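Examination of the molecular architecture
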Amino acid sequence: PLICQASQTFALLVSDLNKMDANPLIQRALRQASRELLLASASDWPFMIHAGSTVEYAMQRIREHISRFHFLAQAISRGSIDEKHLSLLEKLNPAFEEPSFKSFTT
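Residues numbered from 1 in each chain as written. Predicted model: local features only at pLDDT ≥ 70, side-chain atom pairs only at ≥ 80, totals over all residues. Heavy atoms only, no water.

The next thing to look at is the overall build of the protein. When its secondary structure is counted, the protein shows five helices and zero strands. The order of helices and strands in the protein, counted from the N terminus, is α-α-α-α-α. Residues counted as buried form 37% of the 106 residues belonging to the protein. Counting contacts in the protein only where the partners sit at least 6 residues apart, residues at least 24 apart contribute 77% of the total. (Helix = DSSP H or I, 4+ residues; strand = E, 2+ residues; numbered from the N terminus. Buried < 20%, exposed > 50% of the residue type's maximum accessible area, 1.4 Å probe, protein only. Contact = heavy atoms within 4.5 Å.)

Now for the nonpolar core. Phe10, Leu30, Phe69, Ile76 and Ile81 are the most contacted members of the largest nonpolar core, which totals 24 residues. Of all the secondary-structure elements, those providing two or more residues to this core are α1 (2–15), α2 (24–40), α3 (44–51), α4 (55–78) and α5 (83–92). Among the elements that make up this core, the one with the highest residue count is α4 (eight residues). (Core = buried A, V, L, I, M, F, W, Y, C linked by side-chain atoms within 4.5 Å.)

Okay, the pattern of salt bridges next. Under the definition given, this model contains three salt bridges. Notably, a salt bridge pairs Arg68 with Glu36, separated by 4.0 Å at the nearest N-O pair. Here Arg68, found in helix α4, pairs with Glu36, found in helix α2; they are 32 residues apart in sequence, far enough to count as distant. Residue class for Glu36 comes out buried when judged on its relative accessible area of 0%. Taken together, the shared-partner salt bridges in this structure form one network comprising Arg28, Glu83 and Glu90. (Salt bridge = Lys/Arg side-chain N within 4 Å of Asp/Glu carboxyl O.)

Geometrically, a packed helix pair is captured by the angle between its two axes and the distance between the axes. Relative to each other, α2 and α5 sit at 40°, their axes nearing to 10 Å. When the axes of α2 and α5 are compared, the pair comes out oblique. Like other packed secondary-structure pairs, α2 and α5 cross with a definite hand, here left-handed. Packed against α2, whose contacting residues are Leu25, Arg28, Ala29, Gln32, Arg35 and Glu36, the element α5 presents Glu83, Leu86, Ser87, Leu89 and Glu90 at the interface. In terms of residue class, the contact of α2 with α5 is made up of four nonpolar, two polar and five charged. (Axes fitted to C-alpha atoms, helices over the stretch in contact; angles between N-to-C directions. Parallel < 35°, antiparallel > 145°, perpendicular 65-115°, else oblique. Left-handed = near helix turned anticlockwise from the far one by under 90°. Nonpolar A, V, L, I, M, F, W, Y, C, P; charged D, E, K, R; others polar.)

Here we take up the packing of aromatic side chains. Inspection of the entire model under this criterion finds two aromatic pairs. On the numbers, 5.7 Å between centres and 75° between planes, the contact of Phe10 with Phe69 is edge-to-face. With Phe10 in helix α1 and Phe69 in helix α4, the pair connects residues that are 59 residues apart, well separated along the chain. In this structure Phe10 comes out as buried when scored by relative accessible area, which is 0%. (Phe/Tyr/Trp six-rings, centres within 6.5 Å; stacked < 30°, edge-to-face > 60°.)

Next up, the structure:
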């Protein structure tokens, strides 16, 4: 449910992109938000939970990525992206070098 809700939130956020100033900082924040969403959705976490293998670790990882996703989504929506915090998140989770967030549109 956490991942589905975040996916819906992101689809709405990206679909509103045309209404926003698509400056480079917003683009970076959207890419990082999509990374966090993709990392939360990694098939290993649900598999580990279903198999009963390191359930707490898998749940913790999902929650961390979803929490970072919501932080970024709110910052984008409010137009108050903290570039320093964004840079830290980019260094923490540099996976998927240039994800295409536009594939999340509804």
